[in-house]
Amino acid sequence: MSMIRLLLAEDQSMVREALAALLGLEPDIEVVAQVARGDEVLAAAREHAVDVALLDIEMPGMTGIEAAGLLRSELPAVKVVVVTTFGRPGYLRRAMESGADAFLVKDAPAAQLAEAVRKVLAGERVIDPTLAAAALADGASPLTERERDVLRTAADGSTNAEIATALHLSQGTVRNYLSTAIQKMAARNRAEAVRIASEKGWL
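For the structure given in this document, a descriptive report is provided here.

About the thresholds
Residues numbered from 1 in each chain as written. Predicted model: local features only at pLDDT ≥ 70, side-chain atom pairs only at ≥ 80, totals over all residues. Heavy atoms only, no water. Pairing = 2+ DSSP bridges. Helix = DSSP H or I, 4+ residues; strand = E, 2+ residues; numbered from the N terminus. Right-handed = clockwise from strand over helix to strand, strands pointing away. Salt bridge = Lys/Arg side-chain N within 4 Å of Asp/Glu carboxyl O. Buried < 20%, exposed > 50% of the residue type's maximum accessible area, 1.4 Å probe, protein only. Contact = heavy atoms within 4.5 Å. Axes fitted to C-alpha atoms, helices over the stretch in contact; angles between N-to-C directions. Parallel < 35°, antiparallel > 145°, perpendicular 65-115°, else oblique. Left-handed = near helix turned anticlockwise from the far one by under 90°. Nonpolar A, V, L, I, M, F, W, Y, C, P; charged D, E, K, R; others polar.

**Thoughts on the pairing of strand 2 (residues 29–35)**
With 6 bridges connecting them, strand 1 (residues 4–9) and strand 2 associate as parallel partners. Each bridged residue has a counterpart across the sheet, and for alanine 9 the counterpart in strand 2 is valine 35. What joins strand 1 to strand 2 is helix 1 (residues 13–24), and the crossover it makes is right-handed.

**Considering the pattern of salt bridges**
Here the idea is simple: oppositely charged side chains can pair when their charged atoms come close. A complete count under the given rule lists 12 salt bridges for this structure. One salt bridge in this structure joins arginine 118 and glutamate 26, with 2.6 Å as the shortest N-O distance. Residue arginine 118 is located in helix 5 (residues 110–121), and its partner glutamate 26 is located in the loop between helix 1 and strand 2; the two are separated by 92 residues in the primary sequence. Classification of arginine 118 by relative accessible area gives partly exposed; the value is 23%. With a closest N to O distance of 3.5 Å, glutamate 74 and arginine 46 form a salt bridge. Here glutamate 74 is found in helix 3 (residues 64–74), whereas its partner arginine 46 is found in helix 2 (residues 41–47), with 28 residues between them in sequence. On the basis of relative accessibility, which here comes to 41%, the residue glutamate 74 falls in the partly exposed class.

**Thoughts on the sheet that holds strand 2**
Adjacent strands of a sheet pair through backbone hydrogen bonds, lying either parallel or antiparallel. Within the open sheet, the 6 strands sit side by side as 2-1-3-4-5-6. Their pairing is parallel. Single-partner strands in this sheet number two, and they are strand 2 and strand 6 (126–127). Across the face of the sheet, helix 3 comes into contact with strand 3 (52–56) and strand 4 (79–84) while running at roughly 155 degrees to strand 3.

**Quick notes on the packing of helix 7 (residues 145–154) against helix 8 (residues 160–167)**
With their axes 10 Å apart at the nearest point, helix 7 and helix 8 run at an angle of 125 degrees to one another. Our classification of the angle between helix 7 and helix 8 gives oblique. Judged by the twist between their axes, the crossing of helix 7 over helix 8 is right-handed. Only Ile163, Ala166 and Leu167 of helix 8 make contact with helix 7, whose side of the interface consists of Arg146, Asp149, Val150, Thr153 and Ala154. For the contact of helix 7 with helix 8, the class distribution of residues is 5 nonpolar, 1 polar and 2 charged.

**Some details on the pairing of strand 5 (residues 102–105)**
Burial of strand 5 is two-sided: the residues Ala102 and Leu104 facing one way and the residues Phe103 and Val105 facing the other way are all buried. Sheet topology places strand 5 next to strand 6; 2 bridges connect them, and they run parallel. Bridge pairing in strand 6 places phenylalanine 103 opposite isoleucine 127.

**A few points about the environment of arginine 118**
Residues arginine 118 and glycine 90 lie 28 residues apart in sequence; the distance between their C-alpha atoms is 25 Å. Excluding residues within four positions of it along the chain, arginine 118 makes contact with Ile4, Glu26, Asp28 and Ile29.

**Topic: the packing of helix 1 against helix 5**
Contact geometry of helix 1 with helix 5 gives a least axis separation of 10 Å together with a crossing angle of 70 degrees. With respect to helix 5, the element helix 1 is oriented roughly perpendicular. When helix 1 is examined against helix 5, the residues Leu19, Leu22 and Leu23 are found in contact with a partner set consisting of Ala110, Leu113 and Ala114. Each residue belonging to the contact of helix 1 with helix 5 can be placed in one class, and the counts come to 6 nonpolar, no polar and no charged.

Structure, rendered in structure tokens:
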């Protein structure tokens, strides 16, 4: 039996170690690398010649979705399984667009995760069925890339001037993007627009 070489990327050490221990019990899976940051994924995948990368979405340095896109362009042979605590439909859509082969919520049983690892290596796609249904019902994000950038930058309470500086835009342009994003989210203000877009996984 050939062993599946797995990279585990998860910033919470307790969760990462538990996942590594559970997956390590599988007879055909070997966890050969563990990282706590998204921006360490590519180097670790390359160094350890992994077959599959299991990526959390929320990580410092780089999100799991961004890391999935990087793996797809730099190491296309590596299969990517994205796991998340947050079952947000927008995350599923973005993960698939970035080249992920599987998308599961983190509380899935270890046996299901192991099965997903085997399936992606066999060329299949694995998607949590509840999330898939929600993503179809929600549709694609109505936000443009720039509107998303502006909302994301506004999330920490930045002023229009601060957003303009951070994104190299004029304050008038920032106001226009925020206004459009608020309308699209059917929100009363920017804070509510940020909250709605975040809950749907569109930021």
